[in-house]
Amino acid sequence: MSNKPMIASVWLGGCAGCHMSLLDIDERLLALLELADIGATPITDFKLGGFPQADVGLVEGAVCNTDNIRFLEEIREKSKFLVSFGDCAGWGCVPFMRNFFPLEQVMERGYIFTPSTVDGFIPDDEELPRQLEKVQPIRKFVPVDFHIPGCPPNADTIFYVVSELVQGRVPDSIPQPLLHFD
Ligand code: SF4
């Protein structure tokens, strides 16, 4: 194990787009690896050994179910600095749209009434996480230290913020030229 700072990440109720944007930092990933180790993330495999103690924890996605809460609390507990990574984590974004409908209606739509479904049913097993009545941003459950905006955040912004954090510098803000999302 090196003495470099550790980065860990998780995605909750999100589409993986924020992590795809993390991969879009391309060859700068190597520069980041000079500065820090990347522990458990969805782009490695966190089934093996769970989350490490991390200096920077990145959370993609909103909180939609009980498993999301469990992962979120674990990464919060193990991260010195927790970043809400993208707009789903920050305010709900796409998954938040289900909040306009009762949960029962959402579940029926997903498992029974989609056109391709035959003999659909809503799965119910104690092994499965429970859906929350309403999708929530992560700050409703744990303290958050920094927010990277965007759906997804652009790769330049991610590289800037994460490389600053692993060098012990907390950006006062995100420079204006990095605040574009297209
Ligand atoms: S913020 Fe956008 S890109 Fe990121 S997980 Fe949510 S929907 Fe996907």
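Refer to the structure above for everything that follows.
Here the structure is a predicted model, which is why all the values come from computation and not from measurement. (Residues numbered from 1 in each chain as written. Predicted model: local features only at pLDDT ≥ 70, side-chain atom pairs only at ≥ 80, totals over all residues. Heavy atoms only, no water.)

Visitor: Please give an account of the sheet that holds strand β1 (residues 6–11) that cites residues and values.
Guide: With parallel pairing, 5 strands are arranged side by side in an open sheet as β2-β1-β3-β5-β7. Single-partner strands in this sheet number two, and they are β2 (37–38) and β7 (146–148). By the bridge criterion, 6 bridges tie strand β3 (residues 54–60) to strand β5 (residues 79–85) in an arrangement that is parallel. Bridge pairing links Val56 to Phe81 in β5. (Pairing = 2+ DSSP bridges. Helix = DSSP H or I, 4+ residues; strand = E, 2+ residues; numbered from the N terminus.)

Visitor: Could you give an account of the site of the ligand, naming the residues involved and the relevant values?
Guide: In the region of the ligand, the neighbouring residues are Gly14, Cys15, Gly17, Cys18, Glu60, Asp87, Cys88, Val94, Gly150, Cys151 and Pro152. At the level of secondary structure, the elements contributing two or more residues to the shell around the ligand comprise α1 (17–23) and α4 (87–91). The residue inventory of the shell around the ligand, partitioned by class, reads 6 nonpolar, 3 polar and 2 charged. (Near = heavy atom within 4 Å. Nonpolar A, V, L, I, M, F, W, Y, C, P; charged D, E, K, R; others polar.)

Visitor: Please give an account of the packing of aromatic side chains that cites residues and values.
Guide: Scanning the model with the defined rule gives 2 aromatic pairs in all. Centre to centre, the rings of Phe51 and Phe71 are 6.1 Å apart; their planes meet at 90°, and the pair counts as edge-to-face. Of this pair, Phe51 sits in the loop between β2 and β3 while Phe71 is found in helix α3 (residues 66–78), placing the two residues 20 residues apart along the sequence. Just as Phe51 is buried, Phe71 falls in that class too. (Phe/Tyr/Trp six-rings, centres within 6.5 Å; stacked < 30°, edge-to-face > 60°. Buried < 20%, exposed > 50% of the residue type's maximum accessible area, 1.4 Å probe, protein only.)

Visitor: Let's hear about the side chain of Ser21: which residues, and what values?
Guide: You can see Ser21 is positioned in helix α1. Residue Ser21 is classed as buried on the basis of its relative accessible area, which comes to 6%. When sequence neighbours within four positions are dropped, the list of residues in contact with Ser21 reads Pro152, Pro153, Asn154, Ala155 and Ile158. (Contact = heavy atoms within 4.5 Å.)

Visitor: Outline the packing of helix α2 (residues 28–35) against helix α7 (residues 155–166), supporting the account with residue identities and numerical values.
Guide: A pair of packed helices is characterised by two quantities: the angle between their axes and the separation of those axes. At a minimum axis distance of 10 Å, the contact between α2 and α7 shows a crossing angle of 10°. Of the possible angle classes, the one that applies to α2 and α7 is roughly parallel. Here Arg28, Ala31, Leu32 and Leu35 of α2 come into contact with α7, specifically with Ala155, Asp156, Phe159, Val162, Ser163 and Val166. Here the contact of α2 with α7 is composed, by residue class, of 7 nonpolar, 1 polar and 2 charged. (Axes fitted to C-alpha atoms, helices over the stretch in contact; angles between N-to-C directions. Parallel < 35°, antiparallel > 145°, perpendicular 65-115°, else oblique.)

Visitor: Help me get a handle on the environment of Phe85, residues and values and all.
Guide: Looking at the element boundaries, Phe85 is found in strand β5. With 80 residues separating them along the chain, Phe85 and Pro5 place their C-alpha atoms 18 Å apart. Excluding its chain neighbours within four sequence positions, the residues that come into contact with Phe85 are Cys18, His19, Leu22, Leu58, Val59, Glu60, Gly61, Ile148, Pro153 and Ile158.

Visitor: So, the pairing of β3: which residues are in play, and what are the values?
Guide: The buried fraction of β3 amounts to 6 of the 7 residues, a majority that puts the element mostly inside the structure. Across 5 bridges, the pairing between β1 and β3 is parallel. When the sheet's bridge partners are listed, Ala8 is paired in β3 with Gly57.

Visitor: Describe the pattern of salt bridges, and please don't skip the residues or the numbers.
Guide: Counted under the stated rule, the structure contains 8 salt bridges. Measuring nitrogen to oxygen at the nearest pair gives 4.0 Å for the salt bridge that ties Lys4 to Asp37. One end of the pair, Lys4, is in the segment before β1; the other, Asp37, is in strand β2, and 33 residues separate them in sequence. On the accessibility criterion, Lys4 (32% relative accessible area) is partly exposed. Residue Asp37 is classed as buried on the basis of its relative accessible area, which comes to 18%. The closest approach of N and O atoms between Lys78 and Glu74, which form a salt bridge, is 2.9 Å. One end of the pair is Lys78 and the other is Glu74, both in helix α3 and 4 residues apart, which spans about a single turn. Taking relative accessible area as the criterion, Lys78 reaches 19% and is therefore assigned buried. (Salt bridge = Lys/Arg side-chain N within 4 Å of Asp/Glu carboxyl O.)

Geometric descriptors of this kind do not, in isolation, establish any biological role.
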